[in-house]
Structures are given as structure tokens and as C-alpha cells.
Amino acid sequence: MALATSSTITLHVNGERRTLPVDHRTTLLDALRDHLELTGSKKGCDHGQCGACTVLIDGRRAVSCLQFAVAAEGREVTTIEGVADGDTLHPVQQAFIDLDGYQCGYCTPGQICSAIAVIEEHAAGWPSAATEDVRPEAGAPPLDADEIRERMSGNLCRCGAYVSIVQAVARAAEAAQGESAQDKSAQGGDLAGAEAGTAVTA
Amino acid sequence: MREFGYERATDVPGAVALRGADGGTSYLGGGTNLVDLMKSGVERPALLVDVRELPLDRVEVTEDGGLRIGATVTNSDLAVHPEVRRRYPMLAEALLAGASGQLRNMATVGGNLLQRTRCGYFADTSAPCNKRVPGSGCPAIAGEHHNHAILGASTHCVATHPSDMAVPLAALDAVVSYETVDGPGELPLADFYLPVGDTPHLETALPPGALITHVTVGPAPVAAVSHYRKVRERASYAFAIGSVAAALAVRGGVVEEVRLALGAVASRPWRARAAERALTGGPATAEAFAAAADAELAAAKPLPDNAYKVTLTRNLIVSELTRLAEESAR
Amino acid sequence: MTTTTEATRLAGAVGVAHTRVEGLDKVTGAARYAAEHHFTELAHGWMVLSTVARGRITAIDSAPVEAMPGVLAVLHHENAPHLAEASGFFGPDPTVQVLQNDRVPHVGWPVALVVAETPEQAREAAESLVVHYEQEPHDTVFRAGHPDTYTPGDDEDDSVEISKGDMEAELAASAVVVDEWYTTPEEHHNAMEPHGAIARWEDGRLEVIDTTQGAFATAQDLAALLSLDPSSVRVVSEHVGGGFGSKGLVRPHSVLAAMAATVVHRPVRVVMTRRQVFSLVGHRPATAQRMRLGAHADGRLRALDHQASSYTSRVMEYVESSAAISRVLYGADAHHTVNRVVPLDVPTPRWMRAPGEAPGSFAVESAMDELAERCGVDPVALRIRNEPAVGPVSGLPFSSRSTVACFEEGARRFGWAERDPRPAVRREGRWLLGTGVAAATYTAGVVPSTASVTAEAGGDFTVRITAADIGTGARTALVQIAADALEVPVDRIRMRIADSDFGQAMLAGGSTGTRSWAHAIVAAVAELRAVLVPGMEIPADGITVRGNSLDAVRGLAKLERHSFGAQFAEAAVDIATGEVRVRRMLGMFAAGRVVNPLTARSQLVGGMVWGLSMALHEEAHRDAASGGLVGGDLAGYHIAANADVPLIEADWVDEVDPHDPTGIKGLGEIGIVGAAAAVANAVWHATGVRHRQLPIRPDRVLAAAAERG
């Protein structure tokens, strides 16, 4: 019996059910970009070496280029197109704009999806390779610049926007911690000290 | 990439039945290595058996105080598990040092053990490679090999095993459990990876079609004071050029127990038994650590461009054991 | 509606920080890059690249591939459309003469394009295509003193040899001499967006959505190659995912997409894989540079000899003019600079961020650090002591030169005065610490360009210019420039860029974009002012005028025009493991008028990150036996990751350049210049070991430490 090499699958993307036929070779990234016209997730290397295709799968960050679409059936996928709350940007998105956490913008959706997960992973008490003492008794490390740098290292940025990316993630994390979030992020903490500009419309 | 069939397994017997012993079928776990290699044309399975939904995603404390880790537990979940961080800090540290947050969320324990070398010639189907095409030759020996093996290699292959996780598992005498159509089996990690010899394409002792179901780590109180130290060519998101997993118990200035394994030096995680023998019962001094490192690395056969690994690994062993001796004394 | 351009006087928009015009699109995923547009009937092209380094194709077994599912065409040299050997925007470009003959000049040369219904089908078919070659012996190994090295003969640019004074006599009379070799490896741009294009025929016109730094030049080149009327080709590049020079000119993917669209009569998308990018878009060649410096005891230079060599391909000559920077930075009684090349069987190198200056500054600024060490002069003082009054080789005045101010202000902020000049004396745990400094400079160029401005009936102004925003912030900066030129608030400017139909304009490259485009916009606004009368009625379709900066640019005085800067770095080195970490960097720059401080800072810091990455990570490994790369991908070719990059600060001294009406000098390149040298000099200061070979990899640190014992 010849094996079926394509399937009709249902993906749950940004809260919507999308049914589509896919070649089994189609990655989740290509299904999003080519079939669902969700081109926010980027293809930088197609081999898990850059992080530009980062999405959230069942709430966790993952590289969609190494995930076959057929194997993602039944999972909840959130892409950059789905992280804002209607017209209100996610705090990470807003911080990237305000602190210029990007240049060409191609790695940006992956950076933002990754950052959203980083803040959640940290809030869940996950240590990282930058954590001095990983034992649970040591408690969760503060999300300082070194922790952010390590945790965000799976997202390459060739423009070299890392400095402001770290500042943007720090600002969004502060907001997420909710400690009089708005005042603090407007003033900028140690990390969020970059110059914020006013919006230009054109 | 050629067309392939896809089946999602829901239980272990079903998975091994679907897989059979046919070389054209592969298990799909997190896919972080397999999908990469399929895109490169190195792997060309006709059928993928997806094992991600098998009930093998638990980390359990065993009766004797060890851990039984399901094969589909992700690297992230294992790294952050409180019992792993408490009992075997070096295992948590090794996992956290591997790949990136995204990849750790996808990669599974079983797949991590089975990942293939990152030798650039292996990944390039236009190049000869004895591991990919037996008998075609090894261009790394005369070519680019600055991150290749110094221990246990052969004239047929000098590739290294890329796993960080497997290094502390080797130090911990982990045991790999598997299932086949003929029933279950077990392999100590020490016997799991085959010597390179003239068969670099044969990497593990798993029977054809076997599915890794669990990795079991025994109670090892010594590992409560342990570390994994990794050196790479950038600060993160890169494979090791040298690494050490070490656990040390010192009493009264004497080494009571030591576990030591090395990464990025061989085709498998390298348990440093010669060094362990040299250290056990002796003084916990920098001189003794250096002598033990030398004892282990006496067997090293570096190539012109990777001789630095002998120095690097030696220095890492001394540095980590010194740090552990201080922590053990606290 | 009446115009108000004369009525409203505003504080300038230029010089004020503005977030990016397209920021919302970029953070929400709405910004579409070239390969992300959808068309019905879109077909997919997949390139097949050569696997041998030199030889010819003897046969292509296309029949079985043509029979594979979904395959629409297999293009190769026996059936592909003819390309004219046309002279493009920057002269003839043999690197895009693809599928025209059976010659294979290097590994990774396009030998076929497979077009299929889906990308999966195209990929499998391309991978299945068997190509037979007759191989010839190849040479891909670059080294100093390669017997085929020659001095290129073109005296139009700065790649030629220039000398003055008696070099040997001055060296012999010098109290202190530095004579060392410095090497840099093959480096690749690796813009995050791989090159991709969609080509289609639309109402008799070839429409191409491309990722390019210059849509106009790309359109011109495509028209010339395909023997089409220039007006029948349109190229747009609304969003470009990084370029760094690799997207400066038309590249093979666009040519192949256009050929395929012509053959299959459908829109065709061709996107390079990351590995393909490594052989088809140019790269920075390896360099070997001999520096000879002779100085008085106090460090004042008597002799400067900068002999650079690099490789080019056998397809075309490209010269990495590494020695050019020494003609700007320092004067000496005897001064000699030369850029030599050796042709090899390798992909063609091309412009990569600060071409010439990036590797050149590593050599000259490392050598200056060695000179400071041997003279016992502080490295900052040494640079200030050797500051020239006029162009060291040309004798022309500088339009403005604020190097000293950069060094002095940078030294103050960096805490340079507290530095112990002795090497290998600061330790923190396992880390040895050191600081280093280097000078930076890059040419401030301008190219005549055109723009149009439309006074809209609603009171807004629409500016159209074939500029590109490759991440530089150009779109936003041009809004600010246009607002000031029109003397209106920025929210009344609609900026339309990156469409070849908008007419000729300089591409985004060589730090010339913003200055060139500003000149064009200023010229267009002047034309508009000539047409508009205050109070006049604007018709419904607006009033449009075009401006051309040709006269303004030609009227500029011939001067030494450059930006300058001082780079400071602190490095930590663990000599037991060879690890090097940069702990902080500070760049102080003088680059004329800064249009948008927010994006300018990002661009400068980004350049410095490139310098860090060049110093510690970047190196392509070419296999001598096969002639191809080993690990030619983002796992094998390391660029700095987030964890490698500390807090990096970039700032600038106020500089008014009175000799250019825009006052702009450009920021794209200067951030990388000198940055690698500053890091290498910091590594020397930390360890006492000089690294003259980049990158400073752990194995090299270990080897160097072992040599010292």
C-alpha cells in the first residue's frame, strides 16, 4: 500500500481553526507563510539556527521551521499576528517600537514571540545558563541584563539591535510584573534608559 | 526532501509496530535534528512515526531515590524540574547550556541521545563522509577539523557527539530503556554508543527499530555538588568545543567520590574513568586534579588543528574540580 | 485647499528622535518582505548549484526531473533565455550571467533552476537533478605572497598603489619600527532575510518584488540583461531584511525569477536557502596586510606602509581596498598604500559593510597600538599626536574632521585616564581584563539622485524617491528631512520609497544613501517652491514636481569628506579556556548632522556589534580539497548572539559640516570601522598577547598563551 504523503489538517492559529491540505514536507513555518498568508513569522535559515521563525506552540516558544505542519495538528499556535490584544499592542511590541529594538525588522517577530515566552518562563521560575545557582532552593534569579541576553540568544539579529532588544525586554518584563508598571516603564529602569522618540506618521 | 508518510503513535507498542525494523522509517520526536537533516538530504525516511504524544513525558523519582525520565520529556522540562536541579545540578546546567530556549522546548530526551554529529562534512551531501556514506572517506582529517575528536576517534571518522545532556548522563551511569517488537531492553549509557572503529555509521547499540522509552539515573548523592561547564565559540547558542560534567565529594581534604565526563572530545560523551581512578582516595589538590586530567588525556590523539582541545579540556577539568572542592568543603 | 508652506515656521524635525514610521508594521508582522507576497498561480523556483570548484558541465539529466510531480520547467545553460552581456548600473556584472554556458567557476555557481507548482516539489526536484561535470584542478587557498598576486590597474578608484617619499630611508631613520602582518578571514553578510524575489509579467511589464538596496539599479540591470526597454521593468523593495552590501546589486535569484516567469508565463518566486546565500551574493574576502610603521621616539610617524592583499574570483575582479583607510587617517613623510589581489576559484567577493575600511582598520589600528606600546606613548595620545591637518595623501583640506574631539570626549566617558598602560595586570576571578582603543573613519559620499514632491489637495505632501530602508531608518529620516525642507510638521509628509518607477536615485549603500536622497528631496522641494504661490489653489490630483540633485552635487567643492570616530572596548579573557568576552564598548563619532538620534544610535551600535563579531566570531571555513565551505550556514558561521553583546554605547560630538548643504555624512559603515581593532587591542592589554589574526577564537588564545609559556 502506498503511503499517503499529504494530509488535510486542522491548525489552531491565533485562536482560529484553519483546515488545509498539506504536503507532509510542509513545515509549520511554510504553512503559515505560504498557505495561511501569515507571513509575520520569518524564514532566516530554515534549520533552527537563527530563531526568526519563532512562534508559540501550546504557549511555549518553538522554531516553526523544524516543526512539520502535519505534526502540529491539534496544537495551539500563536504567531506575531496574534500576540496583540486587538488594537492594543503587547507590551513587548510597544517596547520594541519605543526603544528601537530592531532595524530591518526581519528577526523582530521572532524576537518578540521569544521575549513574550522569556518573560513567562522567568515568571515560572525557570533558570537559565546565566543563572549562578540552578538549585530550586536558590530561588529564581532576577531577570537582569545577563539573564535576558542568555535567554534571548536563540534569536539572532544581524543588524546588531541586541542592546535595545535587551532594554525592550526588560521594560516589558517590568510592565508584566505589574509593580506600578506604567510609571516605571515610562521613566525607564536601569536597562530601559534609551531615548524614546515621538511617533512620526507618514 | 523526498515525500514521506506520517503516522502519529498513541502508545508504545503501536509505535514500535508502526516503525518495524525497516531502515526507511524514523521516529519523530521534537524534530530539531531529524527535520534539519531531512532538509539537508542526510536523512531520507519514507515514513515518520510521530512519538511526541506517547505517554513518556513524565519525570518520576524511583524507589531508590533516582530519577526515571520519559523519553519524550523535553529538554526544557527536564532542565527546570526541581528534582533534577536539586539532585543533579550538572544535568540541569548541561541542558540549559544546550541550543536555545526554543529548541529546548522542542527537543526530547530520547532524541537528544540520538542526535547526529554536527561535523560540516556529514551535513553536506556533496562531500564524502564515512558516517553518511560508508567507505566514501573522511575529508575532515585533512580538512576542517578544529572542533573534532581527540579521544576514541579512528582513521575513518573524527566526528564528535554534540549532546551536552549526555555528558552528565555518562557521569551518572544512566541506563537507557527501550522497546522493540520483540520486547523491552536496557543499555547502560557506557555501552549505548559504539566505538568508532571502521564503522562510524553504526552509532548506537540499540536494536533495529528500538524506541527509547526512558532514561534512568540512579541515586548519586555526590552529584548534589556538581557542575557542567561548557566552552564554545560564542557565549551562547553554539555547540561545545570543550565541556566537563563533574561531581565531587571531598572529606578531610581527600577525594571520597568523583564523577567526571567530557564533551566535544569524542564520538560519544566521554566518561573520564582514568581520571576518576587517579583521583579517588587521593588529595583534593590542584596538582592532583592536573595529574588526573593528564592521566585521562594521555590517550588523546589530536589532529593538527584540534590539539588545543587537550589543553582546553585539561584546564576545564582542573578548574571545575577546584571549584567543586571549594563548594564541597562548605 | 491652499498651500501653507510659507506660512508655518517650525522647529526642525531633523535632529529630534522619532520612532520608525514603519514600526507598527514591523512589530505586528504586517510588514511584507519580498518573498511574502501572494499571487494566484505562483510557481516556485529552486536553484541547483555546482558542487565542483572548477570545470564544465558535461551533461544535465533533466528528463527524469521534468517528469517529477509538479515540475514545470528545468532551466539550464542549454535552454535558458539568453542574457545580454550588458553593462549594468555599475558596469558589467558577470556574476549574474547565469545559465549561459557550461563553465563552472566555483562551488555554489547556479547550474540550473527547477520550477514547480509548490516549493516542496521544486526542492525535491532540484535535489534530484543529476549534473555531470568535467572537473579541473582548482585553487581556493588564499595566502600572503600567492604567486598569482597582482596589482590591479584601474586608477579610477582608490584601489591603486599610491606612494610618496622614500620609504626605506624613513624606516631606517625611525627610532621605532613596527613591521607586522595582520590577517582577516572570509566573512559573510548574512542579512537575516535571505535573498528572494517574485517576478511576473503584468500588462507587458516585468514586475519584480525584490529584496534590494537599490530598486532603480536593479530594474536597470534586469532590463539590460533581458534586453528590455528600461521603462518596461519595475522593481519594488518596500521592506528589506538587512543588506550590508549583499543586496546592493541585482543578484542571481532575481535574474532567474525573471527568466522563469518568462518561460512558464506565471509569477515565479525564487528564494535562496541560507547555504545558497553563502556563494551567490558576495562576501568579504580574506585579507593579509603587511603594516610597516616608522616613528620618532615620541610616536610621530615618519613612515607608513600599508600593503594589503585579498582574493577575487575568476568571474570578475573585486578589490577589497583595505589600505585606503591609511590615506585618510595618518600622514607620514614616506607613505605607501597598495591593494593587491589574487584570483582564485571561489565565489566572487563584493562590498560588505565598510568594504576596505573594516579589515583595513584592523591592520592599521592594531599596528598603531603596537607602536604606542613600543614608544611608551598612550594609544589615545598617539592618535592625537598624528592627527593630520590636511588629507595625508591628497593634500586637500577636510570638509570637517573632529577626530580629536571624539578621542577626548570618548576617553573622558570611558574612564581612559585611569588605565594602567601595562598589559596583563588586571584580574577579576578567572578573567584578565584590558581596554583598547582605535580610530574610525569612513568616506562621506554623495551621488546625484532624483525625487518628486506632490503638494496634495488636502494639504499633505507626498515624496517619492527610490530610496530603500534596509533597517537604517531611512524612511523615517527622509520624512524628517522632507518636513524641514517643506517647513511643515512631520505628520504632513507621506513618504513613498523603494519603487524603481520613482526614478533614478542612489542605492542604500556606502553610507551615501541618506545624504544623496536628502540632496534630491531638497532639490525637489526647491522646484516645488518655484511653482507654488502662497494662497494658490491645489488641484484635486495635487501638484507634482521632480527634482534632481545633479547640479548641486557637481557643485560641491573637492575636499576630503569623511566621518570620523574613536572606538573604545573592554575585554575579558580567560586564558585557561581561551574565552574572550567584550564587557563594554563606547563609540564616539563625528558624522556631521544626525537626522534621527534614535535610529542613528541603533545603526552605530549595530556597526559596533559587527566589529565585535568580526573580532571574535566570524570566519568561513573553506575546504581546500573541495573548494566549498564547511558549515556554510548560521550554525557553522557564527555571528554574535545576544549573550556576546554587552552594553554598547554610541554617541557623537556636535559637528557642523559647512561644505555640504545637508550637513549629512552617513552612518552605515563607520560603526564597524576600528571596532575589531579596539577589541583586539583590549585583548592585548588584558593578556599581553597580540592577536594579529581574526577572529580571536578560543583555540588561538590558548595557542598564543602556550607560546608565551
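Residues numbered from 1 in each chain as written. Chains lettered and ligands numbered in written order. Predicted model: local features only at pLDDT ≥ 70, side-chain atom pairs only at ≥ 80, totals over all residues. Heavy atoms only, no water.

By the naming in an unreviewed UniProt entry, chain C goes by Xanthine dehydrogenase family protein molybdopterin-binding subunit and is assigned to Streptomyces montanisoli.

As recorded by an unreviewed UniProt entry, chain B carries the name Xanthine dehydrogenase family protein subunit M and is attributed to Streptomyces montanisoli.

Draft legend 1. Representation of the sheet that holds strand E21 (residues 461-465) of chain C within the structure. All names here are of chain C. The 4 strands lie next to each other as E22-E21-E20-E23, forming an open sheet whose pairing is mixed. The two strands at the open ends of the sheet, each matched to only one other strand, are strand E22 (493-497) and strand E23 (543-548). Strand after strand, the sheet turns through a mean of 20 degrees between neighbouring axes, direction not considered. Examined bridge by bridge, strand E20 (residues 450-455) and E21 share 4 bridges and lie antiparallel to one another. Of the residues in E21, the one forming a bridge with valine 453 is valine 463. In the packing of helix H12 (residues 474-486) onto the sheet, contacts are made with E20, E21 and E22, and the angle to E22 comes to roughly 135 degrees. (Pairing = 2+ DSSP bridges. Helix = DSSP H or I, 4+ residues; strand = E, 2+ residues; numbered from the N terminus. Axes fitted to C-alpha atoms, helices over the stretch in contact; angles between N-to-C directions. Contact = heavy atoms within 4.5 Å.)

Draft legend 2. Summary view of the state of the cysteines. For the structure shown, the criterion picks out 0 disulfides over all chains. Residue cysteine 113 of chain A stays outside any disulfide, its sulfur separated by 10 Å from that of cysteine 53 of chain A, the closest cysteine. (Disulfide = S-S within 2.5 Å.)

Draft legend 3. Just the pairing of strand E17 (residues 334-344) of chain C, in detail. Residues and elements named next belong to chain C. Of all 11 residues in E17, 10 are buried, a share of seventy percent or more. In this sheet, E17 lies alongside strand E9 (residues 162-164) in antiparallel orientation, the contact comprising 3 bridges. Across the sheet, the residue bridging to serine 163 is histidine 336, located in E17. (Buried < 20%, exposed > 50% of the residue type's maximum accessible area, 1.4 Å probe, protein only.)

Draft legend 4. Representation of the interface of chain C and chain A. The interface of chain C with chain A comprises 69 residues on the first partner and 55 residues on the second. The contact between chain C and chain A buries some 5000 Å² in all, and 55% of this surface belongs to carbon and sulfur atoms. Summed over the three residues of chain C that lose the most area to chain A, namely Val27, Met192 and Asn642 of chain C, the buried surface amounts to 16% of that side. Counting across the chain C and chain A interface gives 8 salt bridges. Here arginine 269 of chain C makes a salt bridge to aspartate 34 of chain A, at a shortest N to O gap of 2.9 Å. Of all the elements, helix H15 (residues 597-616) of chain C adds the most residues to the side of chain C that touches chain A, at 11 residues. (Buried area = accessible area lost by both parts, 1.4 Å probe. Salt bridge = Lys/Arg side-chain N within 4 Å of Asp/Glu carboxyl O.)

Draft legend 5. Quick look at helix H1 (residues 12-19) of chain B. All names here are of chain B. When H1 is considered as a whole, its buried residues turn out to be Val12, Ala15, Val16 and Arg19. Buried positions in H1, seen along its axis, are confined to an arc of 90 degrees and lie on one side of it. Exposed positions of H1 whose direction lies more than 90 degrees from the buried face are Pro13 and Ala17. On its buried side, H1 packs onto strand E2 (25-28), strand E3 (47-50), strand E6 (175-180) and strand E8 (211-217). The N-cap of H1, judged by a side-chain oxygen 2.6 Å from the amide nitrogen of glycine 14 a few residues on, is aspartate 11. Within two residues after H1, glycine 20 carries a phi angle of roughly 60 degrees, on the positive side. (Arc of directions from axis to C-beta. Polar contact = N/O pair within 3.5 Å; in protein donor to acceptor, adjacent residues only side chain to side chain.)

Draft legend 6. Spatial organisation of the packing of aromatic side chains. All names here are of chain C. Summed over all chains, the structure comprises 11 aromatic pairs over all chains. Ring geometry for phenylalanine 278 versus tyrosine 637: centroids 5.7 Å apart, planes at 70 degrees, classification edge-to-face. With phenylalanine 278 in helix H7 (residues 274-280) and tyrosine 637 in the loop between strand E27 (629-630) and strand E28 (647-652), this residue pair connects regions lying 359 residues apart in the sequence. Since its relative accessible area comes to 3%, phenylalanine 278 is described here as buried. Measuring from centroid to centroid gives 5.3 Å for phenylalanine 414 and phenylalanine 568, while their planes differ by 35 degrees, and the two rings are tilted. Residue phenylalanine 414 is located in helix H11 (residues 403-414), and its partner phenylalanine 568 is located in strand E24 (residues 562-574); the two are separated by 154 residues in the primary sequence. Feature note: the residues Phe407, Phe414, Trp416 and Phe568 constitute an aromatic cluster, connected by ring pairs. One residue, arginine 401, lies across the ring of phenylalanine 398, its end atom 4.7 Å from the ring centre. Here the guanidinium or amino end of arginine 584 rests over the ring plane of phenylalanine 414, the centre of that ring lying 3.7 Å away. (Phe/Tyr/Trp six-rings, centres within 6.5 Å; stacked < 30°, edge-to-face > 60°. Lys NZ or Arg CZ within 6 Å of the ring centre and 35° of its normal.)

Draft legend 7. Structural view of the domain arrangement of chain B. What the domain assignment reports for chain B is domain 1 (5-50) and domain 2 (225-329). Taking the mean C-alpha position of each, domain 1 of chain B and domain 2 of chain B sit 36 Å from one another. (Domains from an automatic or database assignment.)

Draft legend 8. Spatial organisation of the pairing of E21 of chain C. All names here are of chain C. Most of E21 sits inside the fold, with 4 of its 5 residues counted as buried. As paired strands, E21 and E22 are joined by 5 bridges and run parallel to one another. Directly across from arginine 464, in E22, lies its bridge partner arginine 496. You can see the chain leave E21, run along H12 and come back into E22, and the turn it takes is right-handed. (Right-handed = clockwise from strand over helix to strand, strands pointing away.)

Draft legend 9. The arrangement of the nonpolar core in detail. In this structure, Phe68 of chain A together with Leu371 and Phe568 of chain C are the most contacted members of the largest nonpolar core, which totals 171 residues. Counting residues per element, this core draws most heavily on H15 of chain C, at 10 residues. In contact with phenylalanine 68 of chain A, not counting residues within four places along its chain, are His24, Arg25, Thr26, Thr27 and Leu28 of chain A together with Met1, Phe4, Leu28, Val35, Met38 and Leu48 of chain B. (Core = buried A, V, L, I, M, F, W, Y, C linked by side-chain atoms within 4.5 Å.)

Draft legend 10. Structural detail: the interface of chain A and chain B. Contacts between chain A and chain B engage 42 residues on the former and 43 residues on the latter. In total, chain A and chain B occlude about 3600 Å² of area from one another, counting both sides; carbon and sulfur atoms represent 56% of this. Considering only the surface of chain A that becomes buried against chain B, Arg25, Leu66 and Phe68 of chain A emerge as the three largest contributors, covering 18% of it. On inspection of chain A and its partner chain B, the count reaches 4 salt bridges. As a salt-bridge pair, glutamate 3 of chain B and arginine 25 of chain A come within 3.9 Å of each other at their nearest N and O atoms. Counting across the chain A and chain B interface gives 21 residue pairs in polar contact (both at pLDDT 80 or more). Contributions of two or more residues to the side of chain A that touches chain B are made by strand E4 (60-63) and helix H3 (108-123) of chain A.

Draft legend 11. Quick look at the pattern of salt bridges. In the structure shown here, the tally under the stated rule is 98 salt bridges over all chains. A salt bridge links glutamate 83 of chain B to arginine 87 of chain B; its shortest N-O distance comes to 2.6 Å. In this pair, glutamate 83 of chain B and arginine 87 of chain B both sit in helix H4 (residues 82-87), 4 residues apart, roughly one turn of the helix. With a relative accessible area of 25%, arginine 87 of chain B lands in the partly exposed category. Arginine 234 of chain C is paired through a salt bridge with aspartate 501 of chain C; the nearest N and O atoms lie 3.5 Å apart. A residue pair is termed long-range when its members are at least 10 positions apart, and arginine 234 of chain C in strand E13 (residues 233-236) and aspartate 501 of chain C in the loop between E22 and helix H13 (513-531) qualify at 267 residues.

Draft legend 12. Region of interest: the sheet that holds strand E10 (residues 240-251) of chain B. All names here are of chain B. Judged by pairing direction, the sheet is antiparallel, and its 4 strands sit side by side in the order E9-E10-E11-E12 without closing on themselves. Bordering the open sheet on either side are strand E9 (226-232) and strand E12 (270-271), each of which pairs with just one other strand. When E9 meets E10, the two strands line up antiparallel, connected through 7 bridges. Of the residues in E10, the one forming a bridge with serine 226 is alanine 247. Sheet strands in contact with helix H5 (residues 89-96) are E9 and E10, and its direction is about 25 degrees off that of E9. Packed onto the sheet, helix H12 (residues 308-329) meets E9, E10 and strand E11 (254-263) and runs at close to 30 degrees relative to E10.

Draft legend 13. Examining the UniProt feature "domain: FAD-binding PCMH-type" (unreviewed entry) in chain B more closely. What UniProt calls "domain: FAD-binding PCMH-type" (unreviewed entry) maps, in this numbering, to residues 1-222 of chain B. Taken end to end, residues 1-222 of chain B is 26% helix and 17% strand, and its two terminal C-alpha atoms sit 47 Å from one another. (UniProt positions renumbered as here; feature names shortened; annotations may be inferred.)

Draft legend 14. The arrangement of the domain arrangement of chain C in detail. Residues and elements named next belong to chain C. On domain assignment, one finds that chain C holds domain 1 (23-31 + 447-554), domain 2 (39-137 + 191-280) and domain 3 (362-446 + 556-709). Taking only C-alpha atoms, the centre of domain 1 and the centre of domain 3 are 35 Å apart. At the junction of the two partners, domain 1 supplies 20 residues and domain 3 supplies 20 residues. Taken as a group, Ser511, Arg515 and His519 account for 45% of the area that domain 1 buries against domain 3, more than any other trio of residues on that side. One salt bridge connects arginine 515 with aspartate 660, and the closest N-O pair in it is separated by 2.8 Å.

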